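# Understanding the architecture of this molecule
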Amino acid sequence: QRMIVGVTEEMEESIHRFNIIAGINDKSVKGRVCMKQFFGSSGKEKRNSVSYPKIEKGHPAWDYLAERNEFDIELYEMV
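One numbering rule holds for all chains: residues counted from 1, following each sequence as written. With pLDDT at 70 or above as the cut-off, local features in this predicted model cover only qualifying residues; side-chain atom pairs require 80 or more to be listed or tallied, and sums for whole chains, interfaces and linings still use all residues. Side-chain measures here rest on the full set of heavy atoms in the structure, leaving out hydrogens and waters.

Taken as a whole, the largest pocket holds about 1,400 Å³ of empty space. In this analysis, the protein atoms alone were mapped onto a 1 Å grid. Cavities are point sets where a 1.4 Å probe fits without being able to get out; pockets are open sets with protein on both sides within 12 Å along at least five of seven lines; lining residues have an atom within 4 Å of a point. Around the largest pocket, the lining is made up of 37 residues, and of these Val-7, Thr-8, Glu-9, Tyr-52 and Tyr-76 lie nearest the centre. Counting from the N terminus, the helices are DSSP H or I runs at least four residues long and the strands are E runs at least two residues long. Looking at the lining of the largest pocket, the elements with two or more residues in it are α1 (11-22), α2 (29-39), α3 (60-68) and α4 (70-78). With six residues, the single largest contributor to the lining of the largest pocket is α2. Looking at side-chain class alone, the lining of the largest pocket contains 19 nonpolar, ten polar and eight charged residues. Grid points are joined across faces, edges and corners, and a volume is the space filled by probe spheres set on the points. Under the scheme applied here, ten amino acids are nonpolar (Ala, Val, Leu, Ile, Met, Phe, Trp, Tyr, Cys and Pro), four are charged (Asp, Glu, Lys and Arg), and all others, including Gly, are polar.

With that out of the way, let us pick up the environment of Val-7. When you line up the elements, Val-7 lands in the segment before α1. C-alpha of Val-7 to C-alpha of Val-79: the two residues are 72 residues apart in sequence and 8.3 Å apart in space. Whether two residues touch is decided by their heavy atoms; if any such pair falls within 4.5 Å, the residues are in contact. In this view, Val-7 contacts Ser-14, Tyr-76 and Val-79; residues no more than four positions away in its chain are not counted.

Structural data, given as structure tokens:
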């Protein structure tokens, strides 16, 4: 049994790892075209990302989300 974790700050690397587990060849022409579609030619554009307002620790919204995502935060800190 395996567990794979993706981190949005490292989206291209995360997708590459997902592809390995799924048996997808992201080095093929079709795979490279797909990766360019989402990450642009530089690999850094993150065209598939959504922007949200930045909130700081201590803000009521931060506390609310942290409480409901306790295990996600713990996992993120481990990675």
